[in-house]
Amino acid sequence: MWKYGKVTAFLLAGMLCLSLGACGGEETGPGYAVGGSSANTENGEKQVSDGQITFVEKEEEFLCFTEEVAITLDSYPVVSVWKDCLYYGDGQALNSYSFVDGSLSTRELKWANAPAKWKLYQSELDSDGNVYGIVTAKETTGTLTYVCKFDVNGEAIYAYNLTDDLEQNDRSSWSSNWRTGVDAEGRFYLADDDLMWIINAEGTQKDSVSIDKTSDFTIGDIARTADGRLHITYNGGISKKCYIGELTPDFEGKGGEDAVSYQEKVMVNGMETMGESGLLVYDRNGAYQYDLAEQTFTQMFSWENAGVEGDRIIYAGILTDGRVVAVTYGNSSHVYLVESLTKAQAEKKDYIANKTDIVIGTLSDDLFLKDLKNAMASFNRNSDKYNVIIEDYRGDAVDAEAAYNRLNSELVSGKGPDLLEFGNFEDFARNGAVENLYDYLEKSESLSKEDFFANLLAEYDENGILTAIPREIQLSTIIGSSKVVGEEMGWTLDDMIALGEQYPDKQVYYENTLTKRGILIYFIRFYGEQFLDWENGTCNFDTEDFRKLLKFMEQFPDEYPPPGENEPSIYTKLGSGEILTTRVSFVDFRRIQPYEEVLGGDLTFIGFPAPEGAGCWLSDYDALAINSNSKCKEGAWEFIEFLLQYDNGEIAMSGFPSYKPLYEKCLQESMTDSRSSMMHTNDGWSFQYHTTTQEEADKILALIENAQYTMLDVDMVNIIIEEADVYFAGQKDMDTVIGIVQNRVQNYMSEQK
């Protein structure tokens, strides 16, 4: 297994020399989460200013009391909070639930001379309770799109046909990306990323505004303040900037240099009115208060600490008493009430349980933590003993080394996380820094070793110590036609070279984006081990196999040209035999189907060339190890048990569960659920997905049972790639390059001892 040398260099020394503090090295008290890292102001707030907006991180200790409201909602409902009532529903009625007395009511929407089939998709309520919304209607001529206004009794006041305008601007009949708002004068605004329509108060005419912004920006939301003014937000994807400004009929959208940002602090999903001069702003990480006068964002709470699945938030609003209404989607929608309390306030509440914080230390990008955070939210909401929080050790670090240094500093000072999330636990296991999870499995009342794939546990077994168990895995391997590569998994580099010689007019391996250096990284995952002896700290690249590997890479391009308009898709190329093999990543049971289709059912998972084995690697997600010095081991294991069995209730998968009962449940759903989708490629090829067959399921299972967890030492790979590039460019001959690689890698390995 490839090692990550930086982990050893920067973490182990501090980890092994000190006994860490309880629960992440710090007693945090009963059931509250710390809101920040350092205080720079007298009132305990840290202000981070960037551009015109200041982000305020509250330092006072707080917790969230969350309760679920028993309301049955349709999936993706129309949602709004008005006068302490939640309005929801679609079709031809709007339902409401009162948070004051728990009553339910229905407002039937009545539209005289309406088309036979019409449906309300998206709506806004003005300050008087009138409903404005996007309505689609199916007629013999096609689907029409209207902007409609209904009064408090449900009677239609106007219906403005927007169909022609949408078609002229290449818009569909309705898009979930649209955002809407109603200003104090009754004007209705409909906007997407770069265009906005404004319907006047009478519904008799409309204006359109082109939004002057960079293509990097996408719309966040539109919201009305208490005084009736509208505000709009745009989020920058690559730039990670957020623009917020007042929305008026003569609005000119801004982006690029005119945008104000707070460096990834907030990427707005939605906004609602909050108080007399503020907005409730939320994203997938948490809820914030935006003060219009001060232009400050103040963090209220994170969703996971509030026990709400932040990645599934579709709406958040605020009641007059300050509680936040949060609505999540899933197979069924859920409504939660979140009350943010200081520690002092919480101690006066009889219903607040004393909880102990369990800290997860991570170095991962937030994108890869969304399922973990959803599981944390569910756990925190249901546990009366523990509250799980994430500590991102990267902070503002620009590279991994700085993040490791930060973690090492905490370890040296007696602090540190209860759970480790950043992989490569084998060195920790050798030095007794992580718990042996076999011991916990033996004592567990809900889990056992037999609940997991044997080869998966073996990949995390270091001399009898089970360091971690991932919640989910993804697979990556090479496929080809059984008629060309044979029916058995596994082949060597010599086999692949021989196949190319057998079919000289074909491309033996193809990826439509990777260059020779990228493909070399993939291949070296499985051939790299034979060049390295980590136990003795030596390497040997002066071998025939390494020479063959470099030579084989020469056939691949340095850069791929952009695909042409009529460029055949990878499916077309594979089906026609133009290419013989390609790499495929599998995250669900149906991903295999289009490849089976183009190969006529003769598909083999041949794998990456490897000295031995099938050459399939697995990527792990949410693999947690328990710090041996944690004083919250029982709570840490309780969360791992919960995480491994966590069922998000969704058929759509982002990977295969490692827990066999959950794996079987997902498989059965894929084999019986008739919902499917159609895939289209640019060259006109299309495919209709179908329920998973037993043969497909057997192939996926065989792939999982042969998969390996391979880690790359990034610094070492960079050395190999840098010198290989010199050879590929013809600047040095192969023997000279191999000599340099040998010398540099040997020096690097010596430094890691």
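Residues numbered from 1 in each chain as written. Predicted model: local features only at pLDDT ≥ 70, side-chain atom pairs only at ≥ 80, totals over all residues. Heavy atoms only, no water.

Which parts of the structure should I look at to understand the overall build of the protein chain?
For the protein chain, the count of helices and strands is 21 helices and 41 strands. A total accessible area of about 32600 Å² is found for the protein chain, and carbon and sulfur atoms account for 43% of it. (Helix = DSSP H or I, 4+ residues; strand = E, 2+ residues; numbered from the N terminus. Areas by Shrake-Rupley, 256 points an atom, 1.4 Å probe, with all protein chains shown as cover.)

It is not clear to me how empty space enclosed by the protein should be interpreted in this structure. Could you clarify?
A water-sized probe, rolled over the atoms, reveals where empty space remains. Using the criterion set out here, one finds two cavities of 30 Å³ or more in the structure. Taken as a whole, the second largest cavity encloses approximately 70 Å³ of empty space. If you go around the second largest cavity, you meet eleven residues; those closest to its centre are Arg284, Gly310, Asp311, Lys370 and Lys373. Broken down by secondary-structure element, the contributors of at least two residues to the lining of the second largest cavity are helix H4 (303-306) and helix H6 (370-382). In terms of residue count, the dominant contributor to the lining of the second largest cavity is H6 (three residues). (1 Å grid on protein atoms, 1.4 Å probe; cavity = no way out; pocket = protein on both sides within 12 Å on 5 of 7 lines; lining within 4 Å. Points joined across faces, edges and corners; volume = space filled by probe spheres on them.)

What am I meant to see in the layout of surface pockets here?
Size it by volume and the second largest pocket reaches roughly 730 Å³. Around the second largest pocket sit 35 residues that line it, and Val81, Trp82, Arg224, Ala226 and Thr273 are the ones nearest its centre. At the level of secondary structure, the elements contributing two or more residues to the lining of the second largest pocket comprise strand E4 (80-82), strand E8 (117-125), strand E12 (179-182), strand E16 (217-224), strand E19 (270-274) and strand E23 (313-318). The greatest single-element share of the lining of the second largest pocket, amounting to four residues, is contributed by E19.

I keep staring at the packing of H6 against helix H17 (residues 633-644) and nothing clicks. Help me out?
In helix packing, the relevant descriptors are the interaxial angle and the interaxial distance, both defined with respect to the helix axes. Between H6 and H17, the least distance of the axes is 10 Å, while the angle of their chain directions is 115°. Crossing angle aside, the handedness with which H6 passes H17 is right-handed. Residues Leu372, Ala375, Met376, Ser378 and Phe379 of H6 pack against Glu638, Phe639, Phe642 and Leu643 of H17. Taken together, the residues of the contact of H6 with H17 sort by class into seven nonpolar, one polar and one charged. (Axes fitted to C-alpha atoms, helices over the stretch in contact; angles between N-to-C directions. Left-handed = near helix turned anticlockwise from the far one by under 90°. Contact = heavy atoms within 4.5 Å. Nonpolar A, V, L, I, M, F, W, Y, C, P; charged D, E, K, R; others polar.)

Worth remembering: the numbers are spatial, not functional.
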